[in-house]
Amino acid sequence: MSQKKRDGGGKPYYSLDEWCKEHYGHKLYKVALDIGCGCPNRDGTIGFGGCHFCSVGGSGDFAHRPESAQNIPVTIRRAAETLSTKWSDITRMDDRGRIIAYFQSYTNTYGNPLRLRSYFEEALRTDGVAGISIGTRPDCLGEEICQLLLELKQRYHDKFIWIELGLQTIHDDVAEGFNRGYSYEIFLRAVQKLREMEIPFVIHLILGLPGEEKYDIMETIDQMNQIRPFGVKIQLLHILEDTIYADLYRRGEITVMSMDEYVGCAVQVLSNLHEDIVIHRITGDGDKEKLLAPEWSKNKRAVLNQIHKKMAEKRREKR
């Protein structure tokens, strides 16, 4: 994608909404799905307990769960109808669709490839779906899975397939602290595989991880600029009930960022990411019923407004 000055579609960074409007002429909407996948970092294959911040819903607390692969179209349609109260045009039919089927909960390339194929194909065949986004771990992209992704890409060439990788940080010592279960080197090998297959990928990063300073975060951003993924998701560290971090937080062993700290860090990150990297998220949504901290994150609109305001001020100062 060519480099050019962007207005972010009203946002001071290259947002997913702007990318969608450039390529589709309109906004696309994510329908989050839970297809009952597991995680090798929970079942003992790699470790137990999962990442310390991960909820019992596998970071998919708002996901819709179809009864079977054949039930995927009905699940997506019902979810879209529910979301239409907020976005009235989500169910509008057109040639390329308005829905991203997001396989979110747990590790969605971990399991029987034939079973996974049935879910992915049903989503790709569903009316109104523009493409699918598959959340996974970089250590769960084996040969069979890569072959499956290539076949789907060739068969459904009019739809997109994205892979979302939960990296969080490039620093292995910080990652060991939250029990990530794989090294940065494994992540880089996964990135190389995806590049060879020409499958776009989105990288998840968390700001505010225990043991990570701002300069560590900016080293991660420098690496993102070298890797140049299709997109980045920036997530505030949420402390959720029924996680290991919840216990550590209650004991005073870890802390969370203040709103001012997070806004300042997010602005620095966004200002330093390459302008062609699509920003898919800049805060994240913690389940309010399970959110232990930080309380200020419940007012997502206020956080977004502060980030946009600070970035606008920074731009004016440069003129």
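Quick caveat: nothing in here was measured; it's all calculated off a predicted structure.

(A) A look at the packing of aromatic side chains. According to the stated counting rule, one finds 10 aromatic pairs in the structure shown. The rings of W19, Y24, F160, W162 and F230 are connected pair by pair, giving a single aromatic cluster. We note K30 situated over the ring of Y102; from NZ or CZ to the ring centre the distance is 4.1 Å. Across from the ring centre of Y182, 4.4 Å away, lies the NZ or CZ of R180, which sits over that ring.

(B) Representation of the sheet that holds strand 8 (residues 278-281) within the structure. A sheet is described by the order of its strands in space; here 7 strands give the open sequence 1-2-3-4-5-6-8, paired in parallel fashion. Two strands close off the open sheet at either side, each with one partner strand: strand 1 (29-33) and strand 8. Averaged over neighbouring strand pairs, the angle between their axes works out to 25° when direction is ignored. Looking at chain direction, strand 2 (residues 99-103) and strand 3 (residues 129-136) are connected through 5 bridges and run parallel. When the sheet's bridge partners are listed, I100 is paired in strand 3 with G131. Relative to strand 1, helix 2 (residues 72-83) is tilted by about 130°, and along the sheet it contacts strand 1, strand 2 and strand 3. Relative to the sheet, helix 6 (residues 184-197) contacts strand 4 (160-168) and strand 5 (201-207), its axis offset from that of strand 4 by approximately 170°.

(C) Representation of the packing of helix 3 (residues 113-125) against helix 4 (residues 143-155) within the structure. Relative to each other, helix 3 and helix 4 sit at 25°, their axes nearing to 11 Å. Between helix 3 and helix 4, the angle falls in the class roughly parallel. Helix 3 and helix 4 meet at a crossing whose hand is right-handed. Contact with helix 3, carried on its side by P113, L116, R117, F120, E121 and L124, involves E144, I145, L148, E151, L152 and R155 of helix 4 and no other residues of that element. Of the residues that constitute the contact of helix 3 with helix 4, the class distribution is 7 nonpolar, no polar and 5 charged.

(D) Focus on helix 2. If you check helix 2, its first and last C-alpha atoms are 16 Å apart, about what 12 residues at 1.5 Å a residue would give, namely 16 Å. Next to the buried residues of helix 2 lie strand 1, strand 2, helix 3 and strand 3.

(E) Structural context of helix 3. Taking 1.5 Å of rise per residue, the 13 residues of helix 3 would be expected to cover 18 Å, and the 18 Å separating its terminal C-alpha atoms lies within 8% of that figure. The secondary structure elements touched by the buried residues of helix 3 are helix 2, strand 2, strand 3, helix 4 and strand 4. The distance from a side-chain oxygen at the start of helix 3 to the backbone nitrogen of L114 is 2.8 Å, and the residue carrying that oxygen is N112.

(F) Local environment of the pairing of strand 1. A large share of strand 1 lies buried, amounting to 4 of its 5 residues. Where strand 1 and strand 2 come together, 5 bridges link them in parallel fashion. Counted as the bridge partner of A32 is Y102 from strand 2.

Reading the values: rules and limits
- Residues numbered from 1 in each chain as written.
- Predicted model: local features only at pLDDT ≥ 70, side-chain atom pairs only at ≥ 80, totals over all residues.
- Heavy atoms only, no water.
- Phe/Tyr/Trp six-rings, centres within 6.5 Å; stacked < 30°, edge-to-face > 60°.
- Lys NZ or Arg CZ within 6 Å of the ring centre and 35° of its normal.
- Pairing = 2+ DSSP bridges.
- Helix = DSSP H or I, 4+ residues; strand = E, 2+ residues; numbered from the N terminus.
- Axes fitted to C-alpha atoms, helices over the stretch in contact; angles between N-to-C directions.
- Contact = heavy atoms within 4.5 Å.
- Parallel < 35°, antiparallel > 145°, perpendicular 65-115°, else oblique.
- Left-handed = near helix turned anticlockwise from the far one by under 90°.
- Nonpolar A, V, L, I, M, F, W, Y, C, P; charged D, E, K, R; others polar.
- Expected span 1.5 Å × (residues − 1).
- Polar contact = N/O pair within 3.5 Å; in protein donor to acceptor, adjacent residues only side chain to side chain.
- Buried < 20%, exposed > 50% of the residue type's maximum accessible area, 1.4 Å probe, protein only.

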